[in-house]
Amino acid sequence: MAKPTAADILVDTLLDWEVDTIFGIPGDGINGIMESLRTRQDDIRFIQVRHEEAAALAACAYAKWTGRLGVCIATSGPGGIHLLNGLYDAKLDGQPVLAITGLQFHDLLQTFTQQDVELDKLFADVAQYNARIMGGNHVENTVALACRTALAYRAVSHVSIPVDLQSAEVDTGRRSKRNVAGHASDTMAYSAQLPSDAQLARAASILNGGKKTAILAGRGAIGAEKNLSAIAERLGAPIIKPLLGKGALPDDSPYSTGGIGLLGTKPSQEALEECDTLLIAGSSFPYIEFYPEPDQARAVQIDLDPQKIGLRYDVEAGLVGNTADVIDALLPRLDYREDRSFIEKAQAGMEAWEELMAERATRRDKPMKPQVVAHELNKLLRNDAIIAVDSGTITTWAARYLKMRGDMKFSCSGTLATMACSLPYAIAAGVAYPERQVICFIGDGGLAMLLGELATCVKYDLDVKIIVIKNDTLGQIKWEQMVFLGNPEYACDLQPIDFAAVARGFGFKAFSVDDPADCASVLDEALSAKGPALVEAVVDPHEPPMPPKATIRQAAHLAKALAKGTPARGKIALTVASDTVREVI
């Protein structure tokens, strides 16, 4: 009987850790592993993508959507290098991902041979666990520990193995004396940590002492909907949802004030500006300028990671543990707040905000507004939809108009905010949940970056619907140049691409729409089509992603940018003025 190869042991160890899917591209630096995957293809799926960056982004998304370990693989040298952007997405959003890379022949490393890149050194910053496999009897130990570390710390792990070792048969009798056979375990233990009674009592005292409590609920609060609603009801507190926490609570909840930040809502911003107590639940929302002013509010924070306690705001009580469990332990200690004026003000604010959003989204003038597309798409989303959103102005339209309900899932590149993430995210969703509605909501700048992944959708007949907002510009950067810095827009306009024609070339069903009157019907036809489909929605390039509360400084910067010679400044001024007048009215 043939002895197993090092690659066989690697793949078998992945199976022991219940890995069922790997995203990647074959290459000569991983041919030994590819052969082992071929012989085990009934047990573990290999999803071939068209760029290694997409493999890593898909692995990150697979972890987000399923809660399982996401795995990607790339060949030596450039293949491994291409993984890095997606791996940083996983690192910064706290997702368990294992990257497997090849190295060149073990006895030619560091001799300037072909693709001689020491990927373990390159990955030192991104990976919590990072190992170069030194021989066949080293494989099980390192791969098992890599899986355990990624899952335990919600982090990136990386193992790299020379190509010649992959196909070499492993003689278990040649292991070192201390490397006792069978000592590695595939049992995963999860912490059931809860705060002490003293910590809970301190947190309760702070929250009970407030009159205006706001709750900031991030991705760590996903799955804790009932618990969040219960504590919001007890404290009369509005729940503000940073983007990664959009799925923590339905958007029609009486406690939700929607998002926060430049893409947030006015009631959310006002709740944080006026609160005297703050509960941060599973969030490390990075934009510190949107938190309450220092010393304004007494704060309590819940997080699984002790390192994140007090990261963004000075908290007086840190509760380490799962959001749902900690809230359950905290609730019996909290008094019912009779004064409901704070939550009632937020609710009234949300009614006015939604009226404003609806007015902007139901305009029938041309050029079509991007809000119209998001608004009409929202009506067609099923209660089990999985929504992958890209980075840019597209994120604002998704945050404000795509409403979470039922069993929907929502995600994006939250902390890294990389462009081009949403198509690999949607691919991962389509692979994991082929029976569910999967939406990729993306801008033209992002889609152009990983356009080749349309082929992945067709190759695996993924029921992914791509809605591309086409304004032929890098909209977010354009508005940041003007509104944040007071500079004229420069180098943001894009060479137009006929995405519908390109998509048809890949084998997609493709549609185009530029008239608000046709938007709903075109979206409905595309979402009703079987298999991958794309809608190119051509929209007004001068429509700004208005902040929830525009400041005098932002207005002054915009005026300065227009005066200094921003292209199309007349159209921009007219559009902004129109939006402002409508808001006032």
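First, a word on what this report is: a plain description of the structure on this page. As the structure is a computational prediction, the values presented were derived from the model and not from experiment.

## Observations regarding the side chain of T13
In this structure, T13 sits in helix α1 (residues 6-16). Exposure remark for T13: the relative accessible area of 4% places this residue in the buried category. Within the local environment of T13, its side chain forms a polar contact with the backbone oxygen of I9, the two atoms lying 2.7 Å apart. For T13, the contacting residues outside a window of four places in its chain are E140, V143 and A144.

## Overview of the sheet that holds strand β10 (residues 298-303)
Taken in spatial order, the 5 strands make up an open sheet running β8-β7-β9-β10-β11, and their pairing is parallel. Of all the strands in the sheet, just β8 (239-240) and β11 (317-320) have a single pairing partner and so form its edges. Summarising the sheet, β10 and β11 pair through 4 bridges and their orientation is parallel. By the bridge assignment for β11, I302 is matched with L319. Contacts from helix α9 (residues 197-208) reach β7 (213-217), β9 (277-281), β10 and β11 within the one sheet, and its direction differs from that of β11 by about 130°.

## Thoughts on the pairing of strand β12 (residues 386-389)
Here β12 shows a buried face lined by I386 and A388 and a second buried face lined by I387 and V389. Relative to strand β13 (residues 409-411), β12 runs parallel, the two sharing 3 bridges. Looking across to β13, one finds that A388 is bridged to S411. As for the winding sense of the linkage, the β-α-β connection from β12 through helix α15 (residues 393-401) to β13 is right-handed. The pairing of β12 with strand β14 (residues 438-443) spans 4 bridges and is classified as parallel. Within β14, the residue paired with A388 across the bridge is C440.

## A closer look at the state of the cysteines
Per the counting criterion, the structure on display carries 0 disulfides. You can see C421 has no disulfide; the closest cysteine sulfur is in C412, sitting 6.5 Å from it. The thiol of C492 is not disulfide-bonded; the next cysteine sulfur, from C421, is found 19 Å away. For C492, a relative accessible area of 2% corresponds to the buried category.

## A look at the sheet that holds strand β15 (residues 464-470)
Spatially, the 6 strands line up as an open sheet ordered β13-β12-β14-β15-β17-β16, and their pairing is parallel. Edge positions in the open sheet fall to β13 and β16 (509-513), since each of these has one partner strand only. The average undirected angle you get between the axes of adjacent strands in this sheet is 15°. Bridge analysis of β14 against β15 gives 6 bridges, and the strand direction is parallel. Directly across from I439, in β15, lies its bridge partner K465. Each of β14, β15 and β17 (533-538) is contacted by helix α14 (residues 370-380), which is oriented at about 160° to β15, the strand it contacts most. Across the face of the sheet, helix α21 (residues 516-528) comes into contact with β14, β15, β16 and β17 while running at roughly 175° to β16.

## Re the nonpolar core
Core analysis: the largest hydrophobic core is formed by 59 residues, its most contacted members being F23, W65, C72, L83, L87 and I466. Residue contributions to this core peak at 10 residues, all from helix α3 (residues 52-66). Residues L243, M404, V513 and V539 belong to the second largest nonpolar core, which totals 43 residues.

## Here we look at the pattern of salt bridges
One pass over the full model with this rule turns up 25 salt bridges. Here D365 makes a salt bridge to R363, at a shortest N to O gap of 2.8 Å. Since its relative accessible area comes to 29%, D365 is described here as partly exposed. Residues joined in a network through salt bridges with shared partners are E118, D120, K121 and R132.

Cut-offs used in this document
- Residues numbered from 1 in each chain as written.
- Predicted model: local features only at pLDDT ≥ 70, side-chain atom pairs only at ≥ 80, totals over all residues.
- Heavy atoms only, no water.
- Helix = DSSP H or I, 4+ residues; strand = E, 2+ residues; numbered from the N terminus.
- Buried < 20%, exposed > 50% of the residue type's maximum accessible area, 1.4 Å probe, protein only.
- Polar contact = N/O pair within 3.5 Å; in protein donor to acceptor, adjacent residues only side chain to side chain.
- Contact = heavy atoms within 4.5 Å.
- Pairing = 2+ DSSP bridges.
- Axes fitted to C-alpha atoms, helices over the stretch in contact; angles between N-to-C directions.
- Right-handed = clockwise from strand over helix to strand, strands pointing away.
- Disulfide = S-S within 2.5 Å.
- Core = buried A, V, L, I, M, F, W, Y, C linked by side-chain atoms within 4.5 Å.
- Salt bridge = Lys/Arg side-chain N within 4 Å of Asp/Glu carboxyl O.

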